[in-house]
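Here are the chains, one letter per residue:
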Amino acid sequence: MAELDSIVKINLYRGSTPVETASFSIPLILSTFVNFPERTRTYTSIDSVGEDFDSSDPVYQVAQALYGQTGVLGAPIRTLVIGRRQVDSAVGSVVTVANNTNYSITVSDGITTTTYTVTSDASATATEIVTALVAAYNASPVTGINITDSLSGTFTVTPAVAGADWSIKTSANLTVGSFVATETWTDALDAVNNDNSTWYALFTDEHDPVVVEELSDAIATRRRIFGTSSQDPAVLASGSTTDIAAVLSAKSAGRTYGVWTPLADTEFPEAAWAGSQLGVTPGGNDWDFKRANGITVSKITDAQRTVLRNKNMNMYTRVAGVNIFQDGDMFDGTPIDIVIGEDWLYARLQEGVYFRLINSLKIPMTNTGLTIIENEIRAVLSQADRGWSVTVPDVLSIPENLRAQRIAGVFRFDARLQGSVRSVEIAGYLVV
C-alpha cells in the first residue's frame, strides 16, 4: 500500500466551513439581579427559567409573557437569553420569622457553589437567624465573596473584587434585594452581548423612562430591536412632550417599539407581542392586528388613539369584539416587520458572501469571479421572495487603485419591499 500511495495520492477534505448565521427569533431579557453568576444564561422553556427565578420575579414575568403565546397567530419562540447587569452589593433579610425552621442561602462564584443552612430555635428572631447564617457561612466561605452581619436582622453581600462573577439564592423565607449596580445599562448590554450575541430583540423588566431611553439609544446603533411599554397616563395626553413615547418619537427611535396598556408594568405587553411574532420567518408577518395571551385590553377614546398614533406608540385595544395590537410600528413610524426584514437581508447577504470567500481558494478579480459573488447575492434575494434585480460591476470599470486593494467595486441590487395590507376600502354600487 505504501508504494501505491506514492503513485496515486488521495487527499480527502471535509465539507465547506460553515458560517454562523444570525437568528431573528431569540429575545434577550436584560435585568439587575444576583440569581446566577454568569453574564448570561440560555433557556428553552418557562420551566427552566423557573429554576433560577421565582414566579413573582419581574424577570420571570417577562419570560412568561414571551413563552406564554401558545395558540396565538404567529410562531412561538423556543429560546431566550437572560443577561445580568453587574451588582457589587446586595442586602439580605428575613421574610418570615418562624421557630424551628430551616433557613438557607446558596452562594456561588461561578466555579464553586455552596449551600448553607441553619435551623431557628424555639424563640426565633430575625437577628438571631441572620447571625447564625452569617456565622455558618464565614466558617467555610466561598472565596472572594463577603457576607457581613448588620446585627439588626439583615446581612450585606459583596464580592471582594468589584465586577467579579457571583450570585446568591435564598430559601423562600429569606430575600435578597437593594441591589447596587456598578455599571450603566449600556455597559451591561455590551458585556452581555460580548458573552452571548445570539439574541436579536431586547427586553427588560424596567419601564423607568430614563432606563428605557438609555437602552433605546444603545440599540439604535445595532442591527437589533428593543421593545418596551408604558402605563403612564401622560402618554395619552396630547399636551405631554416629556413622556417616554413623546421623547422616543421626537428622536425617531427607529429600532424601538412601544405599547401603551393600563397594566404594562406587570404584564409586559411588548414581550407578549414579540413572543408570538419573533418566531415567524422575517418578512412573513405584519405585527399589526395580532393578539396576545395575558394582556389587559386598553379602554381608550378615539382622541387618545389619535394621541398614541401621533407619538408612534402602539396599543392593545378591542376592535369588533377582538383584542388586537395596533399599529405595529417603531417610534419613527417604520413598520416593525420592515426593520426586521431589512436586518435579515443584511445578515444573510453578509453571511453568504463571507461563506464564499472563506470556502474558495481564490475569487479572481475577473468578470467570472464577480459572478461568483453575484450568485450569492441572487441566492439570498431569492429567499426573500420579492421583486429584485442585481447589477454587477464590469471588472474593467473598477478603478485600478481599488483592484490593487482587491476591492471588487460595488454590487447593486434593487428589491421591492413587500409591505402588507393594513386597511381596505371597498366601493359598492347597488342598483335595482
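Position numbers for residues count from 1 along each chain, tracking the sequence in the order it is written. Owing to the predicted nature of the model, reporting of local features is limited to residues with pLDDT of at least 70; listing and counting of side-chain atom pairs is limited to 80 or more, with chain, interface and lining totals taken over all residues. Only heavy atoms go into the side-chain values, all of them from the structure, while hydrogens and water stay out.

Caption draft 1: A look at the overall build of the chain. What counts as a helix is a DSSP run of H or I of at least four residues, what counts as a strand is a run of E of at least two, and both are numbered from the N terminus. Secondary structure summary: the chain contains 13 helices and 17 strands in total. The C-alpha atoms of the chain give a radius of gyration of 28 Å, which is well past the 22 Å a tight globule of 432 residues would have. If one aligns the C-alpha atoms of the chain with their principal axes, the spans along those axes are about 100 × 90 × 40 Å. In the chain, buried positions account for 45% of the 432 residues. Partitioning the contacts of the chain with sequence separation of at least 6, the portion at a separation of at least 24 is 70%. Surface accessibility follows the Shrake-Rupley procedure with a 1.4 Å probe radius. Residue values consider only the protein chains on display as shielding. By element, 52% of the accessible surface of the chain is carried by carbon and sulfur atoms, the whole surface being about 21800 Å². This radius of gyration counts C-alpha atoms alone. The globule rule is 2.2 Å times how many residues there are, raised to the power 0.38. Think of it in three bands: with a 1.4 Å probe and only protein chains considered, a residue is buried below 20% of the maximum accessible area for its type, exposed above 50%, and partly exposed in between. Working rule for contacts: check all heavy atoms of both residues, and any pair within 4.5 Å makes them a contact.

Caption draft 2: Inspection of the side chain of glutamate 267 at higher detail. Within the secondary structure, glutamate 267 sits in helix H8 (residues 264–267). Notably, glutamate 267 is buried but unbridged: the nearest opposite-charge side chain belongs to lysine 299, and the N-O separation is 12 Å. Under the rule applied, a polar contact is a pair of N or O atoms within 3.5 Å (in protein, one hydrogen donor and one hydrogen acceptor; residues adjacent in sequence only if both atoms are side-chain atoms). One polar contact links glutamate 267 to threonine 296, side chain to side chain, over a distance of 2.6 Å. Contacts of glutamate 267, omitting those with residues within four sequence positions, involve Ala65, Gly294, Ile295 and Thr296. When charges are counted, Lys and Arg contribute as positive and Asp and Glu as negative, whereas His and the chain ends are disregarded. By definition here, a salt bridge exists when the distance from a side-chain nitrogen of Lys or Arg to a carboxyl oxygen of Asp or Glu is within 4 Å.

Caption draft 3: Structural detail: the nonpolar core. Counting residues in hydrophobic clusters, the biggest one holds 54 residues, and the most contacted among them are Val49, Phe53, Leu66, Leu80, Ile82, Phe203 and Tyr257. Residue assignment for this core shows that the elements contributing at least two residues are helix H3 (58–67), strand E3 (80–85), strand E11 (201–204), strand E13 (256–260), helix H9 (269–277), helix H11 (336–358) and helix H12 (367–384). Working definition of a nonpolar core: buried Ala, Val, Leu, Ile, Met, Phe, Trp, Tyr and Cys residues. They are joined through side-chain atoms within 4.5 Å. In this structure, Leu236, Ala245, Trp260 and Leu308 belong to the second largest nonpolar core, which totals 28 residues.

Caption draft 4: A look at the packing of H11 against H12. Here the axes come from fitting lines to C-alpha atoms, over the contacting stretch only for helices, and the angles between their N-to-C directions go from 0 to 180 degrees. In contact at an axis separation of 9 Å, H11 and H12 are set at 145° when each is read in the N-to-C sense. Between H11 and H12 the crossing geometry is right-handed. Counted together, Trp344, Leu345, Arg348, Leu349, Gly352, Val353 and Arg356 of H11 and Ile372, Ile373, Glu376, Ile377, Val380, Leu381, Gln383 and Ala384 of H12 form the full contact between these two elements. Of the residues belonging to the contact of H11 with H12, the class tally is ten nonpolar, two polar and three charged. In this scheme, a crossing is called left-handed if the near helix is turned counterclockwise away from the far one by less than a right angle; it is called right-handed if the turn is clockwise. Side-chain classes follow a simple rule in which Ala, Val, Leu, Ile, Met, Phe, Trp, Tyr, Cys and Pro form the nonpolar group, Asp, Glu, Lys and Arg form the charged group, and the remainder, Gly included, forms the polar group.

Caption draft 5: How the structure looks around the side chain of serine 249. Among the secondary structure elements, serine 249 is positioned in helix H7 (residues 244–250). Look at serine 249 and you get buried, because its relative accessible area is 16%. Discounting residues that sit within four places of it in the chain, serine 249 has contacts with Asn310, Lys311, Asn312 and Phe331.

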